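This is what each chain is made of:
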Amino acid sequence: MNGRTTAPSLLMTALAAAALTTALVTVPTTAAAQSQQPGNEQVIVPEVDRREVKLPRYPSNDFEIGLFTGTYATENFGSSVVGGVRLGYHITEDFFVQGVYAQTKVSDEAFRQVLPGGVFADEDEKLAYYNLSVGYNVLPGEVFLGRKRAKATAVYVIGGIGSTKFNDQRRQTFNVGLGMRLMLADWAAMQVDMRDHIFSIDVLGKRQSTQNLELTAGLSFFF
């Protein structure tokens with residue numbers, strides 16, 4: 001009887017041990033598989049406040065305004081001090097347009113020494129002009145101030161049309177000339193300008209075309 005009872009007991013013990021081993025192996029594997037599956041919810045939720053970025057606005061510096069002074073040589077009446085203002089717009093690096101208004105006083109003192117009463121009603125007569133011109137930079141370059149500093153320059157030609165009021169007469173005027181611009185900074189420049197103002201006028205009893213040379217210097221500011 002003892003031999004019959006021992007054999008089934010050993011078999012049952014072996015089966016129980018095999019089942020326990022299988023269970024121990026299956027549980028960690030299942031847990032590992034479950035831990036590898038991605039969850040439905042995101043672990044880290046970024047919370048970034050969106051801000052509006054304003055791009056910097058760089059000035060174009062295409063517009064120009066300036067003041068100038070110099071001498072204006074009125075044909076037959078000598079030279080006098082002239083002053084005015086200019087306003088320009090630079091279309092490209094080469095072409096620009098410019099409007100100018102200026103005035104001076106013309107004296108007939110030399111004529112009063114010969115003609116009683118002179119030519120004008122008063123000894124000094126105001127001459128004022130305005131014009132609109134187109135310029136072209138023909139020689140852009142730079143000037144060196146010392147060894148380590150250089151300033152941009154431009155030699156330009158200019159010409160246009162306008163009007164001159166002199167001795168109660170208003171005459172159409174053409175102007176041609178050339179000049180040089182020295183950039184002191186991105187927003188400022190020094191400018192020397194020489195022009196010939198051509199208009200016809202009747203002052204001495206005969207209408208004639210006159211050549212009136214002007215040499216000026218001034219400062220311009222860009223914005």
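Placed above this text is the structure.
As the structure is a computational prediction, the values presented were derived from the model and not from experiment. (Residues numbered from 1 in each chain as written. Predicted model: local features only at pLDDT ≥ 70, side-chain atom pairs only at ≥ 80, totals over all residues. Heavy atoms only, no water.)

All right, on to the overall build of the protein chain then. Each helix and strand in the protein chain was counted, giving 2 helices and 8 strands. Along the protein chain, helices and strands appear, N-terminal first, in the series α-β-β-β-α-β-β-β-β-β. Burial status across the protein chain gives 28% buried among its 223 residues. Counting contacts in the protein chain only where the partners sit at least 6 residues apart, residues at least 24 apart contribute 54% of the total. For the protein chain, the computed accessible surface area is about 15700 Å², with 61% contributed by carbon and sulfur atoms. (Helix = DSSP H or I, 4+ residues; strand = E, 2+ residues; numbered from the N terminus. Buried < 20%, exposed > 50% of the residue type's maximum accessible area, 1.4 Å probe, protein only. Contact = heavy atoms within 4.5 Å. Areas by Shrake-Rupley, 256 points an atom, 1.4 Å probe, with all protein chains shown as cover.)

Quick look at the sheet that holds strand β4 (residues 124-144) now. Read around the closed barrel, the 8 strands follow the order β1-β2-β3-β4-β5-β6-β7-β8; overall the barrel is antiparallel. Across this sheet, the average inter-strand angle for adjacent strands is 25 degrees, counted without regard to direction. (Pairing = 2+ DSSP bridges. Axes fitted to C-alpha atoms, helices over the stretch in contact; angles between N-to-C directions.)

Another point: the pairing of strand β2 (residues 78-90). Regular strands place their side chains on alternate faces of the sheet. In the sheet, strand β1 (residues 63-74) pairs with β2 via 12 bridges, with the strands oriented antiparallel. Bridging from a neighbouring strand, glycine 66 pairs with arginine 86 of β2. The hairpin formed by β1 and β2 contains 3 residues between the paired strands, and asparagine 76 there has a positive phi angle of roughly 80 degrees. With 9 bridges joining them, β2 and strand β3 (residues 95-107) adopt antiparallel strand pairing.

Looking now at a negative patch on the surface. Taken together, the side chains of Glu109, Asp122, Glu123 and Asp124 present a region of like negative charge at the surface. On the secondary structure map, aspartate 124 appears in strand β4. Judged by its relative accessible area of 44%, aspartate 124 is partly exposed. (Patch = residues over 30% accessible without salt bridge, like charges linked within 9 Å, V, L, I, M, F, W, Y side chains within 5 Å. Salt bridge = Lys/Arg side-chain N within 4 Å of Asp/Glu carboxyl O. Lys, Arg positive; Asp, Glu negative; His and termini not counted. Charge placed at Lys NZ, Arg CZ, Asp CG, Glu CD.)

Take the packing of aromatic side chains next. One pass over the structure, following the stated rule, counts 10 aromatic pairs. Ring centres of tryptophan 187 and phenylalanine 221 lie 6.3 Å apart, and the angle between their planes is 15 degrees; on these two criteria the pair is classed as stacked. Taken as a pair, tryptophan 187 in the loop between β6 (169-185) and β7 (188-202) and phenylalanine 221 in strand β8 (residues 207-222) lie far apart in primary sequence, 34 residues in all. Residue class for tryptophan 187 comes out exposed when judged on its relative accessible area of 52%. Relative accessible area serves as the criterion here: at 39%, phenylalanine 221 is assigned to the partly exposed category. (Phe/Tyr/Trp six-rings, centres within 6.5 Å; stacked < 30°, edge-to-face > 60°.)

We now examine the nonpolar core. It is characteristic of soluble globular proteins that their nonpolar side chains tend to be buried jointly. Counting residues in each nonpolar core, the largest one holds 14 residues, and the members touching the most others are Leu127, Tyr129 and Phe166. When residues of this core are assigned to their parent elements, the largest contribution, 3 residues, is made by β3. Other than its neighbours up to four places away in sequence, phenylalanine 166 contacts Thr74, Phe77, Val106, Phe120, Glu125, Lys126, Leu127, Ile201 and Val203. (Core = buried A, V, L, I, M, F, W, Y, C linked by side-chain atoms within 4.5 Å.)

Moving on: the side chain of serine 163. Looking at the element boundaries, serine 163 is found in strand β5 (residues 150-166). Here serine 163 is in contact with Ala128, Tyr129, Tyr130, Arg170, Arg171 and Thr173, once residues within four sequence places are set aside.

A word on the side chain of threonine 104. Residue position: threonine 104 is located in strand β3. Here valine 81 takes part through its backbone oxygen, which lies 2.6 Å from a polar atom of the side chain of threonine 104. (Polar contact = N/O pair within 3.5 Å; in protein donor to acceptor, adjacent residues only side chain to side chain.)

Let us look at the pairing of β7. Here β6 runs beside β7; their pairing, made up of 11 bridges, is antiparallel. What sits directly across from leucine 178, in β7, is methionine 194. Where β6 folds back on β7, the antiparallel hairpin that results is connected by 2 residues. Summarising the sheet, β7 and β8 pair through 15 bridges and their orientation is antiparallel. Residue pairing in the sheet places alanine 188 in a bridge with phenylalanine 221 of β8. What sits between β7 and β8 in their antiparallel hairpin is a turn of 4 residues, with glycine 205 showing a positive phi close to 90 degrees.

Note that all results are geometric; they support no functional claim without further evidence.
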